[in-house]
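# An overview of the molecular structure
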Amino acid sequence: MDLYFDNAATTKISERALSAYTETARTVWANPSSVHKPGLEAKRKLEEERTKCAALLGIKSEQLFFTSGATESIAAVFSSLLFTTPRKIIISKIEHEALASWLTILKQYGWKTTELKAKNGFVSPAELEKELTPDTKMVAVMAVNNVTGAIQPIKELVSIAREYEKTSKRKIFFFSDSVQALGKIPYNMTELGIDGASFSGHKINGPRGIGMLYLKNPSSFRPLAPAGGQEKGKRGGTENLPAISALRVAIEEWMDGQEEKNQRVQRMKESIIAAIKETGFEILSPEKSSPYIISFSSSLPSEVYTRILSDKGVYVSSGSACSNNAKGEGEKILLGMGIRPEKARNAVRISLSNSTTEEETEALIKIIKETGNGK
Ligand code: PLP
């Protein structure tokens, strides 16, 4: 049996999402921007999907924009900063490269940048408070870290920023990359009070190449690529309607009985953690982390240990497998939370999906125990 435990990198598209994809591709294939009958039908379907997705996310449909993935959602927001007078941006040291890589560009354009440490995996509201200055334009902290699963104190961080706004009298845009949060932890953008967020379809059994951008106040946002004016001028390019339908179905599936599903995954996570500890390896994921992610440090370099597991049909990742230099990125994040370099080098990530079964989990546990220190 192949044991796929790399769901934070990508998940397998669900049967229902795949059916929704093919159904829309087959039946509503016209361009939503065309003004003839099939075009108008495609436009109607697009807006229907947007309304449904927005309702599932607890936001207004005017606040939701479809993109090609979280990377593009983040790029839309960060590139919009290039139109404004350079000020200061604060992000955390544990952001995904899709976001962290923007610091280099912004610096070139004269922006001041600060990266907040994440001691023990968490960004501290007190640290943020120290770094806020009257010229701070944006703060970006992810909701759930993709390497350790650490759930960040977004509500507290937002409230620090909002308090500061009262004295500085200047608005701070609070962005949260929420790719690993949607469906996997209790998550409500309105309650959190954030101004923008990014989401990705392929982390929740939807297709690749589809994502979402939440903007609390879209009117104040100027995109870099308005192109043909699609998505109310916020994201140009012909909409990927089949993928949007599939994404909507994937969200519905994740949200259906979400609490129970997450509790079941949490139980599986706990038994995997017990087996890892028994083997003598150290758990790196903090207590307050996503039920779907386990990071640990084995006694071998991560590429060696993951190779041993792969030869046994167990597929996990060394740190974050979201990019080609996967290991580098995972390591950077672990170092950013203060993990010693030798431990970070041996880091392995096991990530579950809500379709992971107890049988798969038991088989994984057996192999972890058998493999021990690299037999
Ligand atoms: N942000 C986080 C936290 C991720 O885990 C990923 C995964 O790849 C991304 C952003 C990028 O998402 P996408 O593949 O949709 O561009």
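Basis of the calculations
Residues numbered from 1 in each chain as written. Predicted model: local features only at pLDDT ≥ 70, side-chain atom pairs only at ≥ 80, totals over all residues. Heavy atoms only, no water. Salt bridge = Lys/Arg side-chain N within 4 Å of Asp/Glu carboxyl O. Helix = DSSP H or I, 4+ residues; strand = E, 2+ residues; numbered from the N terminus. Buried < 20%, exposed > 50% of the residue type's maximum accessible area, 1.4 Å probe, protein only. Phe/Tyr/Trp six-rings, centres within 6.5 Å; stacked < 30°, edge-to-face > 60°. Expected span 1.5 Å × (residues − 1). Contact = heavy atoms within 4.5 Å.

### Description of the pattern of salt bridges
On inspection of all chains with the given rule, the structure shows 29 salt bridges. Residues R44 and E41 are paired through a salt bridge, measuring 3.0 Å at the closest nitrogen-oxygen approach. Highlighted residues: R44 and E41, both in helix 2 (residues 37–57), separated by 3 residues, approximately one helical turn. In this structure R44 comes out as partly exposed when scored by relative accessible area, which is 42%. Close ionic contact of R340 with E342 constitutes a salt bridge, the shortest N to O distance being 2.9 Å. For E342, a relative accessible area of 38% puts it in the partly exposed group. Linked by salt bridges that have partners in common, R16, K45, E49, R248, E252 and E253 make up one network.

### Let's talk about the packing of aromatic side chains
Aromatic rings in a pair are described by how distant their centres are and how their planes are angled relative to each other. By the definition in use, this model includes 7 aromatic pairs. With a centroid separation of 6.3 Å and an interplanar angle of 40°, the aromatic rings of F78 and W102 are classed as tilted. Of the two residues, F78 is situated in helix 3 (residues 70–80) and W102 in helix 5 (residues 102–108); the sequence distance between them amounts to 24 residues. Look at F78 and you get buried, because its relative accessible area is 0%. Where W254 meets Y292, the ring centres are 5.3 Å apart and the plane angle is 45°; that geometry is what we call tilted. Of this pair, W254 sits in helix 9 (residues 241–255) while Y292 is found in the loop between strand 9 (282–283) and strand 10 (293–297), placing the two residues 38 residues apart along the sequence. Looking at W254, the relative accessible area reads 2%, which means it is buried.

### Focus: helix 14 (residues 358–371)
Counted at 1.5 Å a residue, the expected span for helix 14 with its 14 residues is 20 Å, and the 20 Å between its end C-alpha atoms agrees. Within helix 14, the full set of buried residues consists of E360, T361, A363, L364, I365, I367, I368 and T371. If you follow the buried residues of helix 14, they end up packed against strand 1 (3–4), helix 10 (258–278), helix 11 (302–311), strand 11 (314–315) and strand 12 (347–351). Phi for G372, located one or two positions after helix 14, is positive at around 45°.

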